[in-house]
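The lines below spell out each chain.
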Amino acid sequence: MPLKRRALLAASLGAAVPVVGRAAPEPIRVGWVTALTGASSAPGIGFDRGVHFAVDEINAAGGVHGRPFEVVTRDTQGDPTKAVNASVELISRQKVVAIWGPVNSGEALATTPLVARSRMPSIHPCVIDSLIDPKKYPNAFRLAPANVQWEAAVRHYCLDIVKAKKIAIVGDTTGYGTTATRDSVADFQKAGANVVYHDLIEATKTDVTSDVLRMQDSGAEVVVPWSVTTGLLARLLNVRGARGWNVPFVGHPALGSGEVKKLLEKPAYWEKVYLIGYRSCSYDANGKLPARTQAFVDKLRGKVELVDTSLWWISAAYDAMRLVVEAIEKTGSTEHEAIIGYWNTLKAYPGVYGNYTFTPQEHNGYPTDDVVMSVANSFRDGAYALAPGYT
Amino acid sequence: MLYAIIASGLATGAIYALIGITYNVMFSASRVMSFTAGQLGMLGGVFGAWFIGRLGIPVLPGTLLTLGACALVGVVTEIVAVRPVLKSLDQHLYVLSTLAFALMLQQFVAIEWSTEPQPFPRLVPFGDALVNQRFWLPVLAALVVIVVLEIMYRRTLIGRAFLAIAEDSFAARALGLPERRLRMLSFAIAGVIGGLAGFAGGGLLLAFFANGPMLSFYGFVPVALGGIGNNRGAIIGGLALGLFQQAASYMVSGLFVSVATFAVFIIMLLVAPQGLFGAPAGRRV
């Protein structure tokens, strides 16, 4: 039967009227700024899994006050300029209630002052200390450790657990390597340690034999490398192994990277290498995760891939989403001041990745005691084993 | 300790020397200092890791494939970046054309291969610690290359044709020598030598897209030290550079190695602008 124009109009109206009557509630949008492609995308991809798992869970439970919870993702490709543009667009056009990310410090250094100007609630896991300053950036909160907390954990492990008396500290010539090495030397010396060797090595140096020889000659009992350059870290470990020098390496999380593993001449060269990790995402001596983390991993099973990423990335992103939702639910508001004000009252908020505490004066929310050392060659399902010496 | 520094210095020095010879071979046939020399070294490592490490091709055919691929890149360099600017050598347009082509090669490898250093396969099944292949293989490769080049240039007709082109390309062409084909062949040979630098030095350099600029940089020092076009000078200059770097790194600091290297380099150029083993160019009038 041919469809008449009048019948079509009536049908359209009939279909339209109920829709007007059941207008979908406006979603609550949160911005998510990260590198999902490009050279520095591995953390972003891991965090992204946690973000989407949390959003799906929140919406499956009815959303936030009956409104859908929506994440607006912007891929920065690791480029600070793109991160700035993405943040501006999220604030001015997408009208997000908060921003999660960026997740690398180079991008965060560019976006933090800009996001602070709009007083947009911002939460990120970047380590550079200066990114958090409640006076300059009252809107910015960190749910992962600052570099100073990493250093404290490394220092504690070297001096109190390994009981090393002579320390070698080495970094690469990047901005991060230079700063971290300088600060680490000063902090070790302040703690009364004998820093027998400290130096910087070009990140692309092809042979580090002479550098390792100098460390060895200095009598160092432990080496603390501050570098994210996997090639340099692997070269240092290869020379250490080839020379049969059996001192522990204690330092940056990149020491446990699969990229380092690939470049090692022998698997044995990865022994006695300890990287910065987190108690919540570490296996104990019995190979078990903490109960809260295990419950989370059980929820992830079959939904989120863990074998090629870090559990802490997933759990921190999950916690970030929960912190935004918690603030809106508890205050009944999506206003910036309400969310920031609520976060400032959190005391040991039980997330999966950690228990977060924020005050108006302190926006570094992660507990230093939960930063621990992990065994580099123990990676399994996104987590590492606790280094020897912890209980 | 001394043995470790010497082994390490000779190995890195041999890699620089091979890149220096790559510059020389390309320069001799074209009067062009091609900035693709370091990228050929980078490609030698990447092709080697790809053919032997990833595709599992046995070492000998993998080596031949690697060197063949680098020879091809050498020929393409001649066609794309050198030949079009030969008519205006005095304007030094080759600086731009070869640099642009070098950057294209690097970006292509970054996209298609990886931006992280990748492992280079073990080529010989023996040796450990300081007799590891990463120390002696580059030195052996440099010795083989210099011996083969010396024999070629002194004992073979084609080698003499290369020398004729290098000496005076107009006169050589007037004598009926196929200048273009000889130039392409010399770029192919340069490709092989550059590729061999990265391949033999793969244990040290790893298969890393960003090795090119570093090799171009340090590979130029032996050329300037030894005198442009002087392969024996490049070998001596390269080995001296490697030893100096490792000794300075051990005695002073790794951080000041580049500064020390280029300070010495500048002083040497001021004292002997034609290089330690080069002679001032004479022109028959």
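This one's a predicted model, so the numbers in the text were calculated from it and none came from an experiment.

Visitor: Can you walk me through the overall build of chain B in this structure?
Guide: Each helix and strand in chain B was counted, giving 12 helices and 0 strands. Of the regular secondary structure in chain B, the N- to C-terminal order runs α-α-α-α-α-α-α-α-α-α-α-α. At 18 Å, chain B has a C-alpha radius of gyration in line with the 19 Å of a compact globule built from 285 residues. Sorting the 285 residues of chain B into buried and exposed places 55% on the buried side. Relative to all contacts within chain B whose residues are 6 or more apart in sequence, the contacts with residues 24 or more apart total 75%. In the structure as shown, chain B presents an accessible area of about 12900 Å², 73% of it carried by carbon and sulfur atoms. Across chain B, the centroid of the 16 positively charged side chains sits 7 Å from that of the 9 negatively charged ones.

Visitor: Hey, could you run me through the sheet that holds strand β1 (residues 28-34) of chain A in this one?
Guide: Backbone-to-backbone hydrogen bonds pair the strands of a sheet. The strands run either parallel or antiparallel. Residues and elements named next belong to chain A. Strand order in the open sheet formed by 5 strands is β2-β1-β3-β4-β5, with parallel pairing between adjacent strands. With partners counted over all chains shown, the strands left at the sheet margins are β2 (69-75) and β5 (140-142), one partner each. For this sheet, the mean inter-axis angle between neighbouring strands, taken without regard to orientation, is 25°. Judged from the 2 bridges that link them, strand β3 (residues 98-100) and strand β4 (residues 122-124) form a sheet pairing that is parallel. By the bridge assignment for β4, tryptophan 100 is matched with isoleucine 123.

Visitor: Before we go on, may I ask you to explain the side chain of arginine 142 of chain A in this structure?
Guide: All names here are of chain A. For arginine 142, the location among the structural elements is in strand β5. For the buried arginine 142, which has no salt bridge, the nearest side chain bearing the opposite charge is aspartate 129, at an N-O separation of 4.7 Å. Among the polar contacts listed, one links the side chain of arginine 142 to the backbone oxygen of cysteine 126, at a separation of 2.5 Å. Among the polar contacts made by the side chain of arginine 142, one reaches the main-chain carbonyl oxygen of aspartate 129 at a distance of 3.2 Å.

Visitor: Sorry if this is basic, but what is going on with the packing of helix α1 (residues 2-30) of chain B against helix α2 (residues 37-54) of chain B here?
Guide: Relative placement of two packed helices is described by the angle separating their axes and the distance separating the axes. Residue and element names in this part refer to chain B. Interhelical geometry of α1 versus α2 gives an angle of 125° and a closest axis separation of 9 Å. In this view, α1 runs oblique relative to α2, as classed from their interaxial angle. In the crossing of α1 with α2, the sense of the turn from one axis to the other is right-handed. Contact residues: Ile19, Thr22, Tyr23 and Met26 in α1; Ala37, Gly38, Leu40 and Gly41 in α2. For the contact of α1 with α2, the per-class residue count stands at 5 nonpolar, 3 polar and no charged.

Visitor: Would you mind showing me how to read the pattern of salt bridges here?
Guide: Opposite charge on two side chains permits them to pair, given that their charged atoms come into close proximity. Inspection of every chain in the model, using the stated rule, returns 22 salt bridges over all chains. Arginine 182 of chain A is the partner of aspartate 183 of chain A in a salt bridge, and the nearest nitrogen-oxygen pair spans 3.5 Å. Overall, the relative accessible area of 23% leaves aspartate 183 of chain A in the partly exposed class. With a shortest N-O distance of 2.9 Å, glutamate 179 of chain B and arginine 173 of chain B are connected by a salt bridge. The network of salt bridges with shared partners includes Glu78, Arg83, Arg173, Glu179 and Arg183 of chain B.

Visitor: Mind showing me how you'd approach the domain arrangement of chain A here?
Guide: You'll often see interface size given as the accessible area lost when the parts meet. Residues and elements named next belong to chain A. When its domains are assigned, chain A resolves into domain 1 (28-146 + 293-368) and domain 2 (148-284 + 373-385). Spacing between the C-alpha centres of domain 1 and domain 2 amounts to 29 Å. Contact with domain 1, which involves 19 residues of that partner, is made by 11 residues of domain 2. Taking both sides of the interface into account, the surface hidden between domain 1 and domain 2 amounts to around 1400 Å²; carbon and sulfur atoms contribute 58%. Its largest share of buried area at the contact with domain 2, domain 1 owes to Val127, Ala146 and Thr368, together 28% of the area lost on that side.

Visitor: So what exactly am I meant to see when it comes to unusual backbone geometry here?
Guide: Negative phi is the rule for most residues except glycine; trans is the rule for most peptide bonds. Residues and elements named next belong to chain A. Residue proline 102 is bonded to the preceding glycine 101 through a cis peptide linkage, with omega at -5°. In this fold, proline 102 is placed in the loop between β3 and α4 (105-117). A positive phi angle, close to 60°, is found at lysine 163, a residue other than glycine. Residue placement: lysine 163 occurs in the loop between α5 (147-161) and β6 (166-172). Of note in the backbone geometry, aspartate 381 takes a positive phi value of approximately 50° without being a glycine. Look at aspartate 381 and you get partly exposed, because its relative accessible area is 39%.

Visitor: Quick question: what am I supposed to make of the interface of chain A and chain B here?
Guide: Residue-level contacts link 27 residues of chain A with 29 residues of chain B. Carbon and sulfur atoms make up 48% of the area that chain A and chain B hide from each other, which totals about 2400 Å². Counting the contacts that link chain A with chain B gives 1 salt bridge. Where glutamate 265 of chain A meets arginine 134 of chain B, a salt bridge forms, and the shortest distance between an N and an O atom there is 2.1 Å. Here chain A is connected to chain B by 14 residue pairs in polar contact (both at pLDDT 80 or more). Where the side of chain A that touches chain B is concerned, the elements lending two or more residues are β7 (194-201), α7 (209-217), α8 (230-242) and α9 (258-263) of chain A. When residues in the side of chain A that touches chain B are grouped by element, the largest group, 6 residues, is from α7 of chain A.

Visitor: Sorry if this is basic, but what is going on with the packing of aromatic side chains here?
Guide: Each aromatic ring pair is summarised here by two numbers: the centre-to-centre distance and the angle between the ring planes. Applying the stated criterion across every chain, the model contains 30 aromatic pairs over all chains. Measuring from ring centre to ring centre gives 5.4 Å for phenylalanine 208 of chain B and phenylalanine 209 of chain B, while their planes differ by 90°; the resulting arrangement is edge-to-face. When sorted by exposure, phenylalanine 208 of chain B lands in the same class as phenylalanine 209 of chain B, which is buried. Taken together, the aromatic side chains of Trp32, Phe47, Trp100, Tyr278, Trp312, Trp313, Tyr353, Tyr356 and Tyr366 of chain A make up a single cluster linked through ring pairs. Note that arginine 380 of chain A overlies the ring of tyrosine 283 of chain A, its terminal NZ or CZ placed 4.0 Å from the centroid. The ring of tryptophan 113 of chain B carries arginine 54 of chain B above its face, with NZ or CZ at 4.0 Å from the centroid.

Visitor: Got a minute to help me understand helix α8 (residues 179-200) of chain B in this structure?
Guide: Residues spaced three or four apart along an α-helix point in a common direction, a consequence of the helix completing one turn every 3.6 residues. The end-to-end C-alpha separation of α8 of chain B is 31 Å, in line with the 32 Å expected for 22 residues at 1.5 Å each. Among the 22 residues that make up α8 of chain B, 17 are buried, leaving the element largely enclosed by the rest of the structure.

Visitor: It is not clear to me how the side chain of glutamate 107 of chain A should be interpreted in this structure. Could you clarify?
Guide: Residues and elements named next belong to chain A. With respect to the helices and strands, glutamate 107 occurs in helix α4. Look at glutamate 107: it is buried, it has no salt bridge, and the nearest opposite charge is lysine 82 at 10 Å. If we skip the residues at most four places from it in the chain, glutamate 107 touches Ala35, Thr76, Gly78, Asp79, Pro80, Ala83 and Pro102.

Visitor: Any chance you could explain the pairing of strand β8 (residues 222-226) of chain A here in plain terms?
Guide: Side-chain positions along a regular strand alternate between the two faces of the sheet. All names here are of chain A. Across the 5 residues of β8, 5 count as buried, placing the element largely inside the fold. Taking every second residue as pointing to the same face, both faces of β8 are buried, with Val222, Val224 and Trp226 on one and Val223 and Pro225 on the other. Both β6 and β8 contribute to a ladder of 5 bridges, which runs parallel. Within the sheet, the bridge partner assigned to valine 170 lies in β8 and is proline 225.

Cut-offs and rules
Position labels on residues start from 1 in each chain and follow its written sequence. Chains carry letters from A onward and ligands carry numbers from 1 onward, assigned in written order. Totals for whole chains, interfaces and linings use every residue, but because this is a predicted model, local features are given only for residues with pLDDT of at least 70 and side-chain atom pairs only at 80 or more, for both listing and counting. Computation of side-chain values covers all heavy atoms of the structure but excludes hydrogens and water. Only DSSP runs of H or I reaching four residues or more are called helices, and only runs of E reaching two or more are called strands; each is numbered from the N terminus. This radius of gyration counts C-alpha atoms alone. The globule rule is 2.2 Å times how many residues there are, raised to the power 0.38. Only protein chains enter the calculation, and the probe is 1.4 Å; a residue is then buried if its accessible area is under 20% of its type maximum, exposed if over 50%, and partly exposed in between. By definition, residues are in contact when any of their heavy atoms lie within 4.5 Å. Here the Shrake-Rupley method, with its probe set to 1.4 Å, supplies the accessible areas, and only the displayed protein chains count as covering residues. We count Lys and Arg on the positive side and Asp and Glu on the negative side, and we leave His and both chain ends out. Charge positions come from single atoms, namely NZ of Lys, CZ of Arg, CG of Asp or CD of Glu. Pairing between two strands is assigned when DSSP locates at least 2 bridges connecting them. The convention used is that axes are lines fitted to C-alpha atoms, helices contributing only their stretch in contact, and that angles between N-to-C directions extend from 0 to 180 degrees. Throughout this description, the term salt bridge denotes a Lys or Arg side-chain nitrogen within 4 Å of a carboxyl oxygen of Asp or Glu. Contacts described as polar in this section are N or O atom pairs within 3.5 Å, which, within protein, must combine one atom able to donate a hydrogen with one able to accept it, while residues neighboring in sequence count only if both atoms come from side chains. In what follows, roughly perpendicular refers to angles from 65 to 115 degrees, roughly parallel to angles under 35, roughly antiparallel to angles over 145, and oblique to any angle outside these ranges. What makes a crossing left-handed is the near helix being turned counterclockwise from the far one by less than a right angle; a clockwise turn instead makes it right-handed. Residues are grouped as follows: Ala, Val, Leu, Ile, Met, Phe, Trp, Tyr, Cys and Pro are nonpolar; Asp, Glu, Lys and Arg are charged; every other residue, Gly included, is polar. All the domain ranges listed were derived from an automatic or database domain assignment. Accessible area that two parts lose when put together, with a 1.4 Å probe and added across both, is what the buried area reports. Stacked, tilted and edge-to-face are the three classes assigned to paired rings of Phe, Tyr and Trp, where Trp is represented by its six-membered ring and a pair needs centres within 6.5 Å; plane angles under 30 degrees give stacked, over 60 edge-to-face, the rest tilted. Each ring is checked for a lysine NZ or an arginine CZ that lies within 6 Å of its centre and within 35 degrees of its normal; such an atom marks a charge sitting over the ring. Under the convention used throughout, the expected extent of a helix is 1.5 Å for every residue step, that is, one less than its residue count.

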